[in-house]
Amino acid sequence: MNEKVIRQFNEVAHKYDEQRRLLIPCFDDFYGTAVRWAQTDKPSPRILDLGAGTGLLAEGMRTKYPACKLTLIDLGDKMLDIAKQRFAAVEEIEYIVADYTEYPFEHKFDLIVSSLSIHHLTHEAKQTLFHRIYGLLEDGGLFINADQVMGETHAVDQLYKQMWVQWIRTNGISTEAADASIERRKLDINAKAWDQLRWLQEAGFQESDCVYKYQDFAVFYAKKSE
């Protein structure tokens, strides 16, 4: 992942949570859909959060599965420090400061989730990661990815960006924070939703769909065959 991206996120780690709701127009639906689609019958599932950041999505997973065994991995050590504060009273959590595209995980997982992280990878790296995720899942396991996507046409994609900028300029967030977020998004490498569904199928996921989409924010569901 781009070193500049890591540096930018570490710099805003202490403000990240409070700004999310003002930077994601569909915040509740976006994260809520990811949590709802993370379905498993196991009472204490192993859950891996890729690019876990401050643990926003992981918190939703733990609320749903209080006995789960969470593994949070992120390149941003300052982001994970916030996650450690969030889960200070929880023992069954593993924190890893590393690149999740390369880290040698020692076991498989029932659920692999991610939010607003994978779009930082090149398209080739995304495809390689989807293959890796498939291999890291237990049979019947799920991959849930809440992420940014590119519009299906250039014109639509530009409209997404324009509408998002208009929204953050008028929703009460500080000018400084808005400017910083706009600057960060210049480094994004968004991929089209339908391209990502095809890549998931090519990775082995026979059952997958884009189960939520609000402009350029989408949630993907993929299940490994049992």
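Residues numbered from 1 in each chain as written. Predicted model: local features only at pLDDT ≥ 70, side-chain atom pairs only at ≥ 80, totals over all residues. Heavy atoms only, no water.

When you go through the chain residue by residue, the secondary structure sums to 9 helices and 7 strands. Its C-alpha radius of gyration of 17 Å places the chain within 12% of the 17 Å reference for a compact globule of 226 residues. The principal-axis extent of the C-alpha atoms belonging to the chain is close to 45 × 40 × 30 Å. Each of the 226 residues in the chain was classed as buried or not, and the buried ones make up 51%. For the chain, the proportion of contacts with a sequence separation of at least 24, taken over those separated by at least 6, is 72%. Approximately 10800 Å² of the chain is accessible, and the part contributed by carbon and sulfur atoms is 49%. Here the chain contributes 27 positive and 35 negative side-chain charges, whose respective centroids are spaced 2 Å apart. (Helix = DSSP H or I, 4+ residues; strand = E, 2+ residues; numbered from the N terminus. Rg over C-alpha atoms; globule rule 2.2 N^0.38 Å. Buried < 20%, exposed > 50% of the residue type's maximum accessible area, 1.4 Å probe, protein only. Contact = heavy atoms within 4.5 Å. Areas by Shrake-Rupley, 256 points an atom, 1.4 Å probe, with all protein chains shown as cover. Lys, Arg positive; Asp, Glu negative; His and termini not counted. Charge placed at Lys NZ, Arg CZ, Asp CG, Glu CD.)

For the rest of this paragraph, the subject is the sheet that holds strand β7 (residues 217-223). Taken together, the 7 strands give an open sheet; going across it, the order is β3-β2-β1-β4-β5-β7-β6, and neighbouring strands pair in mixed fashion. Two strands lie at the open edges of the sheet, namely β3 (93-97) and β6 (207-214), each paired on one side alone. Adjacent strand axes in the sheet meet at a mean angle of 15° when their direction is disregarded. In terms of strand pairing, strand β1 (residues 46-50) meets strand β2 (residues 69-74) through 5 bridges, oriented parallel. Looking across to β2, one finds that Asp49 is bridged to Leu72. Where helix α3 (residues 27-36) meets the sheet, its contacts fall on β4 (109-115), β5 (137-148), β6 and β7, and the angle it forms with β7 comes to roughly 5°. (Pairing = 2+ DSSP bridges. Axes fitted to C-alpha atoms, helices over the stretch in contact; angles between N-to-C directions.)

Turning our attention to the pattern of salt bridges. Taken as a whole, this structure holds 13 salt bridges when the rule is applied. Notably, a salt bridge pairs Asp188 with Arg185, separated by 3.4 Å at the nearest N-O pair. In this pair, the class of Asp188 matches that of Arg185, namely buried. The salt bridge involving Asp216 is made with Arg185; its shortest N-O contact spans 2.9 Å. (Salt bridge = Lys/Arg side-chain N within 4 Å of Asp/Glu carboxyl O.)

Further remarks concern the packing of aromatic side chains. One pass over the structure, following the stated rule, counts 9 aromatic pairs. On the numbers, 5.0 Å between centres and 85° between planes, the contact of Tyr134 with Phe205 is edge-to-face. Here the residue Tyr134 occupies a position in helix α6 (residues 123-136), and Phe205 occupies one in the loop between α9 (193-202) and β6, the gap between them amounting to 71 residues. Judged by its relative accessible area of 22%, Tyr134 is partly exposed. Looking at Arg185, its charged tip hangs above the ring of Trp164, at a distance of 4.4 Å from the centre. Here the basic side chain of Lys224 rests over the ring of Tyr134, its NZ or CZ set 4.8 Å away from the ring centre. (Phe/Tyr/Trp six-rings, centres within 6.5 Å; stacked < 30°, edge-to-face > 60°. Lys NZ or Arg CZ within 6 Å of the ring centre and 35° of its normal.)

The next point concerns the nonpolar core. Within the largest apolar cluster, 40 residues are counted, with the highest numbers of intra-cluster contacts made by Ile24, Phe30, Tyr31, Ile47 and Leu72. A per-element tally of this core places α3 first, with 5 residues. Non-local contacts of Ile24, meaning those with residues more than four positions away in its chain, are made with Phe30, Tyr31, Leu116, Trp167 and Phe217. (Core = buried A, V, L, I, M, F, W, Y, C linked by side-chain atoms within 4.5 Å.)

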